[in-house]
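Fold and geometry: a report
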Amino acid sequence: MTKNHPNYISTTNACKLCKPLGACLAFKGIEGTVPYLHGSQGCATYMRRYIISHYNEPIDIASSSLSEKHAVYGGGPNLKLGLTNVTEKYRPQMIGITTTCLTETIGDDVAMFLREYALDTAGSKELPDFVNVSTPSYSGTHMEGFHGAIYEIIKQRAEGGPGNRTVNLLPGFVSSADYRLLKEIMDDFGLACTMLPDLSETMDGPALLEYEKIPAGGTPLSAIKAMGRSRATIELGRTLDDEETGGKELEKSHKITNHRLGIPIGIEETDLFFNLLSKLSGRPVPDKYVHERGRLVDAYVDGHKYIFGKKAIIYGEEDLVVGMSAFLAEIGIFPVLCASGGRSGRLAEAIDDVTGDILPSQPGVHEGMDFFEISEIAETLAPDLIIGHSKGYPLAKKLNIPLIRVGFPIHDRVGGQRILHLGYSGAQQLFDTITNAIIAKKQTDSSVGYSYM
Amino acid sequence: MEAVALKDRQNQIHVKGQAPFNITCNQDSLAGAVSQRACVFCGSRVVLYPIADALHLVHGPIGCAVYTWDIRGALSSGPELHRLSFSTDLQEMDVIFGGEKKLRLALLELIKRHTPKAAFVYSTCIVGIIGDDMEAVCRQVESETGISVIPVKSEGFMGNKRAGYQAACDAMFRLIGTGDTEKISRFSLNILGDFNLAGEIWMIRKYYERMGIEVVANITGDGRVDDIRRAHGAALNVVQCSGSTMGLADMIEEEYGVPSMRVSYFGIEDMSEALYDIARFFKQQYPDDPEADAIMENTKTLVQEEVSRLVPELEQYRQALAGKKAAIYVGGSFKAFSLVKAFRLIDMQVVLVGSQTGTKEDYAELEAITDPGTIIVDDSNPLELTSFLKEKAVDIFVGGVKERPIAYKLGIGFCDHNHERKEALAGFEGMLNFAREVYSSVMSPVWRFVPRKQKTENLPPAVG
């Protein structure tokens, strides 16, 4: 059930972002790294504005600032000048270079420019490391850009050698609060972990006295190099590519077992994650999480009648949509439309895998959708709530139903980076938020004005 | 100590009184300098965006359209077609085989669906490279649908935001001269360069109505295609935000002989001056006409009423804010003049002022109206701005979304004066809103906790 809506030529209010934006976000989660866009100036500024509006944090993305003559004669000289200037002002450990549709189309060979630049600068001290990823915005979404950057840095930097006890964790694109939780969980299991990327501090940092040119935090480069020696990789995401991902690359080049799970949203998916950690650590699930799970089940019971049979529309990044579908199904909400602007070709199957044993029938699952199409279908479904990022607000307003804000971007509320989605504690917050939104809607629409449920 | 700016940028920074004024500006941004600027496309998109009954189709990959979806707080009193983000979402095959066919079909589909008054089609970087003949496609669709379809030459890399403003003006100029001007009053004007953020153009229009002047076209806040078509029938073009629409005013003057006047609607001083200048213009045009005299009288009454209404409240803010320091970094420098004056009105001191796209004349004027020691900067970046903010111990920073986290991270107040804001800052009421905005950031008790203001003896002992 992937395609039964009319196939429009034009796109209206896209439900996806462009590829380089995802790559820049991934690079922001690596310690001492400045993302760098090889393209014209506007791309960097637009992406910065878009990301800032979610995180309310500074995000510096450098640019080759290409102009007309560079588009004709090639962007190599400006790339090199830009790298020199970023090195001088930011003193980064690494510059993560992403391409744009402009430089891909004029045929700039960034890898070759970097080899030339290495020769030009041979012998100079304090040069950062350079990693590049190809991100033409005319193919794929920001998620392909994000995973592409992770794949490339692992491919270009992970080294083999004597094995160690570390576990690689590749969570995909989740909130800063989610990254913090994942680190805490790994720590509580006593597992040494390299999490890539790590946006927990770099995009949600404290107020400062001295401006940090590059915010503290992020996955250390030394840890990334050592990823080829870890004992296992956990890669989250059920719609990821079969070949070119960080976990697959580590498996192929360094023989590291790749455990691929869904993003742990809701009890079922989180149980799978905790069971794996238990197996890898040889320890039982720590009491703290056993209790969290117990409280969560208790909350599910307390609230189940308010939400049973409600119909939800979910949209956003494919793996987030899969995780949210799993969660909604297990609390008794029926996902009637699961939509994404992405086109992995795996969304319907992944949703079936996580909801098949609960839902009486498969929800409508659509890849490659925009908000025009989502709205068009939504009006025939009489949904009770909408779950996704801020850009679904016009639809929620039109249908006069609650929007539960999850994922990225959250542009119309504060604290998007602190929304917790993962684990039992994330499910607890989502459950309370959703249940209360439904109760509030009923309360607001009622003329009685009860002050109890 | 490390220099604040890269060597190639040092002559884009001037400190008043330290050297003879000779700032470099209007150049391509330096690679790797993390400019706050956008691109040609951005310039065109922000200027045309508020035309509410036109279809705005971005021809390119998805990014350019999605990052400009509902980007401005530009309100409409009627249709809201401008708030939708239309794109051809070019894919790899389109890039290889050309996007003309997809563009044509997308236009036909969208025109059928929305029946717009006109369509603007924006080219993006990639369209300039693959060489789609947008002009030909637009002409063809125009003949097929009978709706004006206008290409906007806004390839991102073909210059900076200023080039985009010009491309937008060129696009609008194609509409001008195609509407009926018969019933337009001789006391009439077009409003250029106001984008109706938070309803500002509605306030300004009311002032003109109270003065007895007809507004022909809003260009472009709450703009309508049919109004723009007859804009050449107005007696005067009143241009705010000179960077963006001055080009259009010049073209109209050349072709149709309509004179233009530069104004600013920010701050009491500039707002009053703008209205008086316009009243004087009509008085000069029609020296013996009682209607022109009435306009002047109405203007005096209006200014007196408005000013006397806001002075008492403004005085409270002035008392609280006097002596505080302000920094300004905005897109176009013309707005900066008004902000310098507005801060002076509430006795605040401007210590840093800069813009993305100012001209040499603009910066010279800023140099003339600011105090000695003020830093004047062109096309700056986060690292320079943070070091200036710290050096000058600033209390409030006025800028756009990209400047906000720079201020907040350092524990400095912030006032959004860019196109996403939801507060009306133009007009007489706008001055009051502006003062209130500044006041509510500067006077917030939260600053006592930020490291910049934290008294270390009050900190709880660190654990661990």
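Right, let's get into the overall build of chain B. Within chain B, the regular secondary structure consists of 17 helices and 14 strands. In summary, chain B has a C-alpha radius of gyration of 23 Å against a globular reference of 23 Å for 464 residues, a match within 12%. C-alpha extents for chain B along the principal axes are approximately 75 × 65 × 45 Å. Taking all 464 residues of chain B together, the buried fraction comes to 57%. Taking all contacts inside chain B whose residues are at least 6 apart in sequence as the whole, residues at least 24 apart take part in 74%.

Right, let's talk about the overall build of chain A for a bit. Counting its regular elements, chain A contains 17 helices and 14 strands. In terms of overall dimensions, chain A is globule-like: its C-alpha atoms have a radius of gyration of 22 Å, near the 22 Å expected for 453 residues. By its C-alpha atoms, chain A is 75 × 55 × 45 Å across when sized along the principal axes. For chain A, contacts bridging at least 24 residues in sequence account for 74% of all contacts bridging at least 6.

Moving on to the environment of Glu144(A). All names here are of chain A. With respect to the element layout, Glu144 can be found in helix H7 (residues 142-157). The spacing of Glu144 and Ala177 is 33 residues in sequence and 22 Å in space, taken between C-alpha atoms. Sequence-distant contacts of Glu144, that is, excluding residues within four places in its chain, are made with Lys19 and Gly22.

Turning to the nonpolar core, a few remarks are in order. One finds Ile374(A), Ala119(B), Val121(B), Leu189(B), Ala327(B), Ile328(B) and Ile396(B) to be the most contacted residues of the largest nonpolar core, which totals 286 residues. Ranked by residue count, the leading element in this core is helix H13 (residues 318-331) of chain A, at 9 residues. Setting aside residues up to four positions removed in sequence, Ile374(A) forms contacts with Cys15(A), Ile313(A), Tyr315(A), Leu337(A), Ala339(A), Met369(A) and Leu395(A).

A few words on the confidence of the model for chain B. Looking at chain B, pLDDT values average 94 and 97% of them are 70 or higher. On the interface metric, ipTM, the complex scores 0.96, and its pTM is 0.96.

Residue and element names in this part refer to chain A. Along its sequence, chain A is organised into domain 1 (19-157), domain 2 (167-203 + 217-281) and domain 3 (287-445). Relative placement of domain 1 and domain 3: their C-alpha centres are 34 Å apart. Taken together, the 6 residues of domain 1 in the interface contact 10 residues of domain 3. Residue composition of the side of domain 1 that touches domain 3, by class: 3 nonpolar, 3 polar and no charged.

All names here are of chain A. As summarised here, the arrangement of the 5 strands in space is S12-S11-S10-S13-S14, forming an open sheet in which the pairing is parallel. Looking along the sheet, the strands with just one partner apiece sit at the ends: strand S12 (364-366) and strand S14 (403-405). Strand after strand, the sheet turns through a mean of 20° between neighbouring axes, direction not considered. Here 5 bridges tie strand S10 (residues 311-315) to strand S11 (residues 334-339), and the two strands are oriented parallel to one another. The partner of Tyr315 across the bridge, within S11, is Ala339.

With that out of the way, let us pick up helix H11 (residues 268-285) of chain B. Under the 1.5 Å per step criterion, the end-to-end length of H11(B) is 26 Å for 18 residues, consistent within 8% with the ideal 26 Å. Taken together, the buried positions of H11(B) are occupied by Ile268(B), Asp270(B), Met271(B), Ala274(B), Leu275(B), Ile278(B), Ala279(B) and Phe282(B).

Counting residues at the interface gives 53 residues for chain A and 59 residues for chain B. Mapped onto the side of chain A that touches chain B, the elements with two or more residues apiece are strand S1 (11-12), helix H2 (41-55), helix H3 (68-73), helix H4 (76-90) and helix H5 (101-105) of chain A. Top contributing element to the side of chain A that touches chain B by residue count: H2(A), with 10 residues. Considering only residue class, the side of chain A that touches chain B consists of 24 nonpolar, 20 polar and 9 charged.

Before going further, it helps to examine the pairing of strand S5 (residues 129-133) of chain A. Within a regular strand, side chains alternate between the sheet's two faces. Residue and element names in this part refer to chain A. Within S5, 4 of the 5 residues are buried, leaving the element largely enclosed by the surrounding structure. Pairing analysis gives 5 bridges linking strand S4 (residues 94-99) to S5, with the strands arranged parallel. Considered in S5, the bridge of Thr98 is made with Val133.

To continue, consider the environment of Ser87(B). Summarising the element assignment, Ser87(B) is placed in strand S3 (residues 86-87). It is 14 Å that separates the C-alpha atoms of Ser87(B) and Arg113(B), two residues lying 26 residues apart in sequence. Excluding its chain neighbours within four sequence positions, the residues that come into contact with Ser87(B) are Thr11(A), Ala14(A), Val58(B), Ile62(B) and Ala65(B).

Moving on, we get to the pairing of strand S4 (residues 118-123) of chain B. Residues and elements named next belong to chain B. Counting buried positions along S4 yields 6 of 6 residues, so the element is predominantly enclosed. With burial as the criterion, each face of S4 is covered, one bearing Ala118, Phe120 and Tyr122 and the other bearing Ala119, Val121 and Ser123. Taken together, the 6 bridges between strand S2 (residues 54-59) and S4 define a ladder with parallel strand orientation. Counterpart to Leu55 in the pairing with S4 is Ala119.

Quick look at the domain arrangement of chain B now. Residues and elements named next belong to chain B. Along its sequence, chain B is carved into domain 1 (1-33 + 322-421), domain 2 (40-167) and domain 3 (188-307). Placing a centre on the C-alpha atoms of domain 2 and another on those of domain 3 gives a separation of 29 Å. In this assembly, 18 residues from domain 2 lie in contact with 16 residues from domain 3. For the side of domain 2 that touches domain 3, the secondary structure elements donating two or more residues are helix H1 (40-48) and helix H7 (161-173). If you tally residues by element for the side of domain 2 that touches domain 3, the top one is H7, at 3 residues. Classifying every residue of the side of domain 2 that touches domain 3 by side-chain character gives 10 nonpolar, 4 polar and 4 charged.

This next bit is on the packing of helix H12 (residues 290-321) of chain B against helix H17 (residues 427-442) of chain B. All names here are of chain B. Direction vectors running N to C along H12 and H17 enclose 15°, while the axes themselves pass 10 Å from each other. Classified by the interaxial angle, the pair formed by H12 and H17 is roughly parallel. Our pair here, H12 against H17, has a crossing hand that is left-handed. Contact with H12, carried on its side by Glu306, Val307, Leu310, Glu313, Leu314, Tyr317, Ala320 and Leu321, involves Phe428, Met431, Leu432, Ala435, Arg436, Val438, Tyr439 and Val442 of H17 and no other residues of that element.

Next up on the list: the sheet that holds strand S13 (residues 396-399) of chain B. Residues and elements named next belong to chain B. Spatial ordering of the open sheet is given by S1-S12-S11-S10-S13-S14, a layout of 6 strands whose pairing is mixed. Where the open sheet ends on each side, the last strands, each with one partner, are strand S1 (13-15) and strand S14 (413-416). Here the strands of the sheet are splayed against their neighbours by 15° on average, with no regard to which way each runs. Relative to the sheet, helix H14 (residues 360-369) contacts S1, strand S11 (349-355) and strand S12 (375-378), its axis offset from that of S12 by approximately 170°. The sheet strands contacting helix H15 (residues 382-391) are strand S10 (325-330), S11, S12 and S13, and the helix crosses S10 at an angle near 165°.

For residues other than glycine, phi is negative in most cases, and the peptide bonds are mostly trans. A cis amide bond links Leu196(A) with the next residue in sequence, Pro197(A), at an omega value of -5°. At the junction of Ile219(B) and Thr220(B), the peptide bond is cis and its omega measures out at 10° in the coordinates. Looking at where Thr220(B) falls in the secondary structure, it is placed in strand S7 (residues 214-220). Positive phi, close to 50°, is recorded for Asn56(A), a residue that is not glycine. As for its position among the elements, Asn56(A) is in the loop between H2 and strand S3 (62-63). A residue is classified by how many C-beta atoms lie within 10 Å of it, and Asn56(A), with 18 of them, is partly exposed.

Each value, and the rule that gives it
Residues numbered from 1 in each chain as written. Chains lettered and ligands numbered in written order. Predicted model: local features only at pLDDT ≥ 70, side-chain atom pairs only at ≥ 80, totals over all residues. Helix = DSSP H or I, 4+ residues; strand = E, 2+ residues; numbered from the N terminus. Rg over C-alpha atoms; globule rule 2.2 N^0.38 Å. Buried ≥ 20, exposed ≤ 12 C-beta atoms within 10 Å, placed from the backbone. Contact = placed C-beta atoms within 7 Å. Core = buried A, V, L, I, M, F, W, Y, C linked by C-beta atoms within 7 Å. pLDDT = per-residue confidence, 0-100. Domains from an automatic or database assignment. Nonpolar A, V, L, I, M, F, W, Y, C, P; charged D, E, K, R; others polar. Pairing = 2+ DSSP bridges. Axes fitted to C-alpha atoms, helices over the stretch in contact; angles between N-to-C directions. Expected span 1.5 Å × (residues − 1). Parallel < 35°, antiparallel > 145°, perpendicular 65-115°, else oblique. Left-handed = near helix turned anticlockwise from the far one by under 90°.

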